[in-house]
Structure formats: C-alpha cells, structure tokens
Amino acid sequence: MSLPAVQVSGVTFTYPEGTRALDQVDLVVHRGEFVAMLASNGSGKTTLIRVIVGLLQPEKGTVLINGLNVRTLPRKDLCRQVGVVFQNPADQLFNATVAEDVAYGPRNLGLAERQVQELVGESLKLVAASELRDRAIHHLSFGEQKRVCVAGVLAMKPNVLILDEPTAGLDPAGEALMMRLLHRLNREQHITILLATHSVDLLPLFANRICVLRCGRVLKQGPVAEVFCDHDMIARASLRLPY
C-alpha cells in the first residue's frame, strides 16, 4: 500500500501570545484524493496549512508529505513535493509580468532557461491562462491573479497542491471556474488536492472527503455525504448544509 500524500499526526500549535490554534490534529490525505478542510473563520485551517508546508513548526506532532518529514526536508525538496496557494494573491505575486512570476520557482531550482520557459508555458496552459503570459500582474483581474498563483506552484511540479480559500473573493462564475480547474488537475494530472474553505455549496460536486475543523480540533472527517448527514456536528461547527 502506498504512503499517504499528507499525514498529520497529533499536531499542536500555540501562537506566542498564548492562542492555541491547533490541538492534537490528525489528518490523512491519500494520493489522488480531493479533500476539503471545512471550517468557519478562526478555526485553525490557515495555521494547519502553514504547518503542513513547513512555514510554522508545531510544538507537538509530525507532518509527513509522501512519507517525508517536513521538519527535516530541505526547502527546495519540499517545494517539489507540495505546493501551496495562499488566499490573497498579493502574498504570492511579486514579479512584473505573469511569465516572470511563474518562472520564479523553476529558476530558483537552477533549471536551464529553455526548461524554465517550457514549464511556464505548460503551467499556464493547465490553468487556461496562456493568453496572460505577457500581461502585467497589476493588469489582471482578481480571478486571473488566483489562476496565475496556481500556475506558479504547478511550475515546480509538485504532486500535492494545498490551497487556502481558493474561491474567496470570487463571484459565483469565478468560484465554479476555480473548482473545475482544481477538479481537472486532480483527475487529469493526478495531483492530490487539499483545500481549506468555509464555502460548502460546491464541495459535494468535487470533494472525495471532508475534514471539519472547529477551534483547532477535528470534529469529523469522512465521505461528503456522511459528513453533511451529521446535522448536529455541522451546527456545532457553525456551518450550514449545501444549498
């Protein structure tokens, strides 16, 4: 049996001022799955993402990506295993043009320029943004910026993609476009998807499993229908059922 793509075991994290954001969190995402972390704001999902990708170190517990310990894995090797897309594109886009931004990661790996440009073209095609290649970042719409962020991560060729609120700030058409894009990456490119969201309506169409967080703890995780049938748990998590 293959190793899980993501394995979080007993992770606890407390911020310096004393706020406990995560409390003994366990989470497993198998290779090829599309898993959603569903939680209201302040439940710890962004902190958990930052712990999973090594930006924060837990005080207890371990995180393994494809069986490799995030704590000891060199940053360049980690970026080839897992990519993260933050909620706000402004936290991720900093080059003048789309092509330069998508090329940033591969160049940092020391790849030949020809290979870098091939990865840029391939990644933009995967997110249906080839026509944006020479566009200035500040001339992009918010939805276009989000897709370019995904392209920049895909250029590193990770097999796990983690996203924090990928549909936040998008209109209904933009939400559907983003979720279809992620679904296509999952099904056609075999990229494992883990996303954090508090938007419930699109999840039954795309997610294999859901993990519900509240106050830094996992309330329930399982298949979509099983989770949404637990009405008492949904109420405790300050969430609602999909329309």
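Scroll up to find the structure this text is about.
This report concerns the structure included in the present document. (Residues numbered from 1 in each chain as written. Predicted model: local features only at pLDDT ≥ 70, side-chain atom pairs only at ≥ 80, totals over all residues. Heavy atoms only, no water.)

**Looking at the layout of surface pockets**
Roughly 580 Å³ of internal volume is contained in the largest pocket. Considering the residues around the largest pocket, the lining is formed by 23 residues, among which C79, Q92, Y104, V153 and M156 are closest to the centre. Listing elements by their share of the lining of the largest pocket, those giving two or more residues are α2 (75-81), β6 (82-85), α3 (98-108) and α5 (142-154). The biggest single contributor to the lining of the largest pocket is α3, with 5 residues. By residue class, the composition of the lining of the largest pocket is 14 nonpolar, 5 polar and 4 charged. What the second largest pocket holds in volume is close to 170 Å³. Contributing to the lining of the second largest pocket are 15 residues, with N41, G42, S43, K45 and T46 lying nearest its centre. For the lining of the second largest pocket, the secondary-structure elements that each account for two or more residues are β2 (20-29) and α1 (45-52). Looking at the lining of the second largest pocket, the element that brings in the most residues is α1, giving 3 residues. (1 Å grid on protein atoms, 1.4 Å probe; cavity = no way out; pocket = protein on both sides within 12 Å on 5 of 7 lines; lining within 4 Å. Points joined across faces, edges and corners; volume = space filled by probe spheres on them. Helix = DSSP H or I, 4+ residues; strand = E, 2+ residues; numbered from the N terminus. Nonpolar A, V, L, I, M, F, W, Y, C, P; charged D, E, K, R; others polar.)

**Regarding empty space enclosed by the protein**
Unfilled space is identified by rolling a water-sized probe across the atoms. Scanning the model with the defined rule gives 2 cavities of 30 Å³ or more in all. Lining the largest cavity are V51, G54, L56, Q57, P58, G61, T62, V63, N69, V70 and R71. By residue class, the composition of the lining of the largest cavity is 5 nonpolar, 5 polar and 1 charged. Taken as a whole, the second largest cavity encloses approximately 40 Å³ of empty space. Along its surface, the second largest cavity is lined by V85, F86, K146, V150, L163, D164, P166 and M178. Those elements giving two or more residues to the lining of the second largest cavity turn out to be α5 and β7 (160-164). Looking at the lining of the second largest cavity, its residues break down into 6 nonpolar, no polar and 2 charged.

**Considering the packing of aromatic side chains**
Taken as a whole, this structure holds 2 aromatic pairs when the rule is applied. Each ring, one from F13 and one from Y15, has its centre 4.8 Å from the other, and the planes form 85 degrees; the classification is edge-to-face. What makes F13 buried here is its relative accessible area of 8%. Ring geometry for F94 versus Y104: centroids 4.9 Å apart, planes at 85 degrees, classification edge-to-face. You can see F94 sitting in the loop between β6 and α3 and its partner Y104 sitting in helix α3, a full 10 residues away along the chain. By relative accessible area, which is 39% here, Y104 ends up partly exposed. (Phe/Tyr/Trp six-rings, centres within 6.5 Å; stacked < 30°, edge-to-face > 60°. Buried < 20%, exposed > 50% of the residue type's maximum accessible area, 1.4 Å probe, protein only.)

**Digging into the pattern of salt bridges**
Once their charged atoms are close, side chains differing in charge can pair, the charge on each being opposite to the other. With the rule as written, the count across this model stands at 12 salt bridges. Where R114 meets E118, a salt bridge forms, and the shortest distance between an N and an O atom there is 3.8 Å. Highlighted residues: R114 and E118, both in helix α4 (residues 113-126), separated by 4 residues, approximately one helical turn. On the basis of relative accessibility, which here comes to 48%, the residue E118 falls in the partly exposed class. Each of R20, D23, E59 and R217 takes part in a single network of salt bridges with overlapping partners. (Salt bridge = Lys/Arg side-chain N within 4 Å of Asp/Glu carboxyl O.)

**Some details on the environment of R147**
Structurally, R147 is set in helix α5. Given a relative accessible area of 12%, R147 falls into the buried group. As a C-alpha pair, R147 and A129 span 18 residues in sequence and 7.3 Å in three-dimensional space. Residue contacts for R147: discarding those within four places in its chain leaves V127, A128, A129, L177, M178 and L181. Within the structure, R147 has its side chain in polar contact with the backbone oxygen of V127 (distance 3.2 Å). (Contact = heavy atoms within 4.5 Å. Polar contact = N/O pair within 3.5 Å; in protein donor to acceptor, adjacent residues only side chain to side chain.)

**Quick look at the nonpolar core**
In this structure, L161, L182, L195 and I210 are the most contacted members of the largest nonpolar core, which totals 48 residues. Looking at this core element by element, the count peaks at 6 residues for α5. Leaving out residues up to four positions away in the same chain, L195 has contacts with F34, V35, A36, M37, L163, P166, M179, L182 and L203. L22, V53, C211 and L213 belong to the second-largest nonpolar core, a separate cluster that totals 32 residues. (Core = buried A, V, L, I, M, F, W, Y, C linked by side-chain atoms within 4.5 Å.)

**What to know about unusual backbone geometry**
Phi at N66 is positive, roughly 50 degrees, even though this residue is not glycine. By the element assignment, N66 lies in the loop between β4 (60-65) and β5 (68-69). One non-glycine residue, H190, adopts positive backbone phi at about 60 degrees. Here H190 shows up in the loop between α6 (172-188) and β8 (192-197).

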